[in-house]
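Coordinate inspection notes
One letter stands for each residue in the lines below.
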Amino acid sequence: MLSNDARILRGAAIPSLGAGLIGTLIGGITVGSQGAIGGAVGTALTLAFFGAGLKAMSVIGRRWSELFMAAGLLVYTTQILVMAILLAVFRDATFMDGRVFGLTMLACVLVWIAGQAWMHTRVKTLYVEPESEDEPVGPERH
């Protein structure tokens, strides 16, 4: 993972973890152990899916830069769909509180997106790859 990608990951994951811990704490206080479990599971799933998506985008950006925009849209759409499916699957789970799970997951997703957008504005990313000295320049380049 490139240093810029690592900075973006930290800038999104750390605030999301904080939001998840707050959701878990509130769920534990208001609902009990099932609320705490719901908050913890929601936080873990959000961090795992969005972290994996950022890692996938890092790999795609390095290998196939021409597919970066389409891949970004596909990864983001897939993440949101998977989160919606998880909400539906775990809605009636008996080992955790579904409401705390859903609200904590929603909070973590929103904080992740905001943190990632914020870090993208702060990280200096090259938009054009500089040419190496070994590559020919001009009309002989094919």
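See the structure above.
Since we're looking at a predicted model, the values are computed, not measured.

Quick look at the side chain of Ser 58
Within the secondary structure layout, Ser 58 lies in helix α2 (residues 33-63). For Ser 58, a relative accessible area of 5% puts it in the buried group. Engagement of the side chain of Ser 58 in a polar contact is seen with the side chain of Asp 5, the distance being 2.7 Å.

A word on the nonpolar core
Residues Ile 8, Phe 50, Met 105 and Trp 112 are the most contacted members of the largest nonpolar core, which totals 13 residues. Within the residue set of this core, elements represented by two or more residues are α1 (3-30), α2 and α4 (98-122). Element by element, the count of residues in this core is highest for α4, at 5 residues.

Overview of α1
Relative to the 40 Å expected for 28 residues at 1.5 Å per residue, α1 spans 40 Å between its end C-alpha atoms, a close match to the ideal helical length. Looking at the buried residues of α1, the elements they touch are α2 and α4. After α1 finishes, the residue Gly 32 shows a positive phi value of roughly 110°.

So, the pattern of salt bridges
All chains considered together, the criterion is met by 1 salt bridge. Salt-bridge contacts for Asp 92 lead to Arg 91; the nearest nitrogen and oxygen are separated by 3.9 Å. Of the two residues, Asp 92 and Arg 91, both sit in the exposed class.

Re the packing of aromatic side chains
Aromatic rings considered in pairs are described by the distance between their centres and by the relative angle of their planes. Here the structure, examined in full by the defined rule, presents 3 aromatic pairs. When the centroid spacing of 6.3 Å and the interplanar angle of 90° are considered together, the rings of Phe 90 and Phe 95 count as edge-to-face. Each ring, one from Phe 90 and one from Phe 101, has its centre 5.5 Å from the other, and the planes form 75°; the classification is edge-to-face. Placement of Phe 90 in helix α3 (residues 68-90) and of Phe 101 in helix α4 is noted, with a sequence separation of 11 residues between them. A relative accessible area of 1% places Phe 101 in the buried class. Three or more aromatic residues link up through ring pairs in this structure, and these residues are Phe 90, Phe 95 and Phe 101.

As for the packing of α2 against α3
Contact geometry for α2 and α3: axes closest at 10 Å, N-to-C directions at 165°. Here α3 runs roughly antiparallel to α2, going by the angle between their axes. In this structure, α2 crosses over α3, and the sense of that crossing is right-handed. For the pair α2 and α3, the contacting residues are Leu 45, Thr 46, Phe 49, Phe 50, Gly 53, Leu 54, Met 57, Ile 60 and Gly 61 in the first and Phe 68, Ala 71, Gly 72, Val 75, Gln 79, Ile 80, Val 82, Met 83, Leu 86 and Phe 90 in the second.

What counts and how
Residues numbered from 1 in each chain as written. Predicted model: local features only at pLDDT ≥ 70, side-chain atom pairs only at ≥ 80, totals over all residues. Heavy atoms only, no water. Helix = DSSP H or I, 4+ residues; strand = E, 2+ residues; numbered from the N terminus. Buried < 20%, exposed > 50% of the residue type's maximum accessible area, 1.4 Å probe, protein only. Polar contact = N/O pair within 3.5 Å; in protein donor to acceptor, adjacent residues only side chain to side chain. Core = buried A, V, L, I, M, F, W, Y, C linked by side-chain atoms within 4.5 Å. Expected span 1.5 Å × (residues − 1). Contact = heavy atoms within 4.5 Å. Salt bridge = Lys/Arg side-chain N within 4 Å of Asp/Glu carboxyl O. Phe/Tyr/Trp six-rings, centres within 6.5 Å; stacked < 30°, edge-to-face > 60°. Axes fitted to C-alpha atoms, helices over the stretch in contact; angles between N-to-C directions. Parallel < 35°, antiparallel > 145°, perpendicular 65-115°, else oblique. Left-handed = near helix turned anticlockwise from the far one by under 90°.

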